[in-house]
Amino acid sequence: MISFARGVPAPECLPVEELAECARTALERDGRTILSYGSSSGYQPLREWIATRHDVDPARVFVTNGSLQGFVFLARRLAPGKRVLVERPTYDRPLKILRELGADVVGLHCDDEGLDPDSLEQALAAGDRPAFLYLIPTFQNPSGRTLSVERRSRIVQLAREHDLLVLEDDPYGLVRFEGEPLPSLLELSAGETAYSSSFSKTIAPGIRVGWFVLPEALAREIELTAVATYITPVLLGQATVHEFVSRGLFEPNLERVRGLIGKRRDAMLAALDRELPNVRTTRPEGGYFLWVELEGVDAGELLPRAEAAGVTFVKGTDFGGDPATLRLAYSFVSVDEIAEGVGKLAAALPAAV
C-alpha cells in the first residue's frame, strides 16, 4: 500500500546519529536533573532558548510532550460547553478533542488565501464570545494553504476588538520550500494570540517535544492542568533537543529536511499535473500536505477503490471538508512511490474526471 495518509517525515529526515550523541551528552552533563521529576513547564534551558527565538519572557513558554498534548490542556481548560471557532477544513485531531469535550465547534469559510476574515466577523457577531479561535495559518493541515499577510492583520485586529483568544498552531511554518516567510500572528498581536509549534516536523516526532507561547496568566493555568496530569514532562527528550540546538545543528538539519520533503512536494505536483490535469489542487509553498477537490466524486466512495488499487489517502470529511475533497500527504513516501501512487489514484477515479 502506498500511503498518502501519513503526515510524518520520511525516515531519512531523522538525524539519528546526531540525536544519539546529544542524548548522551545531555545525560552525562545533567542526568540527575533530567532523569528525575522536574517543572511541568519544561526543561528550563530549552524554555529560555524558545523564548529568545520568539522574543518573549520564558515564563510564557510551556514545553509539552508534543504540541497536541498542550492543545488538550488548553481545550480542557477553556472549551467545555463553549463555542470554539476553527477553519473549515482543519486538523482532525483537535476536532475530535473539542467534540469529546462538548464544545460547540463552528467551522469558518476558507479559500485559497486561508481563513476568510468576513466569516470570522460574522461568527463573532452571531452569539456569545467564543472560548478561542484555532487556526493553522501557514501550510495548513489539511489543505496546505497559507493565510495572507493582509488577512493575518485583519484577524489580529478582530481578535483585539472582540477580546478573542487566538491559538496559532504552527508546526509546519519552518518547512518552507519557496517564497518568503510571513509574520506570525503572534508577532502581529499585542497579547491576543497564543502560539504553538513542535520539533516533530523539524527534528523528529519521536522525541515528543512541542511548545506553547501563552499569556502569562493562561500559562499558569495550563501548568496546573499539567501537574494534575503527569507530574513531570519527558525532560530527557527536551534536554536532548536543547543540546541539538545548542550545537548549531538545528538550521542545517532544517535545510536538509526542506530539501528532502521539497523534492517530494515537487514530485506530487508533477504527478498530479500529468495524471489528473483537470483536478483542482492546492500548490503549497511548504509543509506536508495538499488538498484535492474532485467534481462529482465522493472521496468516501473513492477510498475503498483506491485502496484496492494499492494507494490510500484521508477523505476530506474527516477534517470537516466537503465529500468531494481529500488530503494527500507527500512527506513520507518516496519520489517513485508518489509517481506510482498518483497513477493508481487516477486509475481509481471515474474516466470523466
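From a predicted model like this one, the values you see are computed outputs, not experimental measurements.

Rules used throughout
Residues numbered from 1 in each chain as written. Predicted model: local features only at pLDDT ≥ 70, side-chain atom pairs only at ≥ 80, totals over all residues. Heavy atoms only, no water. Helix = DSSP H or I, 4+ residues; strand = E, 2+ residues; numbered from the N terminus. Buried < 20%, exposed > 50% of the residue type's maximum accessible area, 1.4 Å probe, protein only. Contact = heavy atoms within 4.5 Å. Areas by Shrake-Rupley, 256 points an atom, 1.4 Å probe, with all protein chains shown as cover. Phe/Tyr/Trp six-rings, centres within 6.5 Å; stacked < 30°, edge-to-face > 60°. Polar contact = N/O pair within 3.5 Å; in protein donor to acceptor, adjacent residues only side chain to side chain. Pairing = 2+ DSSP bridges. Axes fitted to C-alpha atoms, helices over the stretch in contact; angles between N-to-C directions. Expected span 1.5 Å × (residues − 1). Arc of directions from axis to C-beta. Bend = angle between axes of the 7 residues up to and from the residue.

To continue, consider the overall build of the protein. Counting its secondary structure elements, the protein contains twelve helices and 14 strands. Overall size of the protein, expressed as C-alpha extent along the three principal axes, is 65 × 50 × 35 Å. Counting all 353 residues of the protein, 55% fall into the buried class. For the protein, the proportion of contacts with a sequence separation of at least 24, taken over those separated by at least 6, is 76%. For the protein, the exposed surface amounts to about 14900 Å²; the carbon and sulfur share of it is 49%.

So, on to the packing of aromatic side chains. The relative placement of two aromatic rings is captured by the distance of their centres and the angle of their planes. The final tally for this structure, using the stated rule, is twelve aromatic pairs. Seen in terms of ring centroids, Phe-71 and Phe-132 are 6.2 Å apart; in terms of plane orientation they differ by 85 degrees. Their pairing is edge-to-face. Highlighted residues: Phe-71 in helix α3 (residues 67-78) and Phe-132 in strand β6 (residues 132-135), separated in sequence by 61 residues. Phe-132 gets classed as buried once you look at its relative accessible area, which sits at 0%. With 5.6 Å between their ring centres and 80 degrees between their planes, Tyr-172 and Phe-289 make a pair best called edge-to-face. You can see Tyr-172 sitting in the loop between β7 (166-169) and α7 (185-188) and its partner Phe-289 sitting in strand β11 (residues 289-293), a full 117 residues away along the chain. On the basis of relative accessibility, which here comes to 5%, the residue Tyr-172 falls in the buried class. Assessed through its relative accessible area of 2%, Phe-289 is described here as buried.

It is worth spelling out the side chain of Arg-152 at this point. Structurally, Arg-152 is set in helix α6 (residues 149-162). A distance of 3.3 Å separates a polar side-chain atom of Arg-152 from the backbone oxygen of Pro-137. Residue contacts for Arg-152: discarding those within four places in its chain leaves Pro-137, Thr-138, Thr-146, Leu-147, Glu-168, Leu-182, Pro-183, Ser-184, Leu-185 and Leu-188.

Turning our eyes to something else, we now look at the sheet that holds β7. The strand order across the open sheet built from eight strands is β2-β9-β8-β7-β6-β3-β4-β5, with neighbouring strands paired in mixed fashion. Edge strands, defined here as strands with exactly one partner in the open sheet, are β2 (61-64) and β5 (114-115). By the bridge criterion, four bridges tie β7 to strand β8 (residues 193-198) in an arrangement that is parallel. Of the residues in β8, the one forming a bridge with Val-166 is Thr-193. The strands touched by helix α5 (residues 117-125) within the sheet are β3 (83-88), β4 (104-111), β5 and β6, with β3 carrying the most contacts at an inclination of about 160 degrees.

This part takes up the sheet that holds strand β13 (residues 314-315). Spatial strand order, β10-β11-β14-β13: four strands in an open sheet with antiparallel pairing. Edge positions in the open sheet fall to β10 (280-281) and β13, since each of these has one partner strand only. Taken together, the two bridges between β10 and β11 define a ladder with antiparallel strand orientation. Note that in β11 the partner of Arg-280 across the bridge is Glu-293.

As for its position among the elements, Ala-159 is in helix α6. The class of Ala-159 is buried, set by a relative accessible area of 0%. Here the alpha-carbon distance between Ala-159 and Leu-95, two residues 64 residues apart in the chain, equals 21 Å. Here Ala-159 is in contact with Leu-164, Val-166 and Glu-192, once residues within four sequence places are set aside.

With 15 residues, helix α8 (residues 216-230) extends 21 Å from end C-alpha to end C-alpha; this agrees with the ideal 21 Å at 1.5 Å per step. Listed in full, the buried residues belonging to α8 are Leu-218, Ala-219, Ile-222, Thr-225, Ala-226 and Tyr-230. The arc that holds every buried residue of α8, seen down its axis, measures 120 degrees, which confines them to one face. Within α8, the exposed residues directed more than 90 degrees away from the buried face are Leu-224 and Ala-228.

Between the first and last C-alpha of helix α1 (residues 16-34) there are merely 20 Å, a value that for 19 residues lags more than 12% behind the 27 Å anticipated at 1.5 Å per step. Glu-28 marks the point of greatest bend in α1, at about 65 degrees. Along α1, the positions that sit buried rather than exposed are Leu-19, Cys-22, Ala-23, Ala-26, Asp-30, Gly-31 and Ile-34. The secondary structure elements touched by the buried residues of α1 are α9 (235-246).

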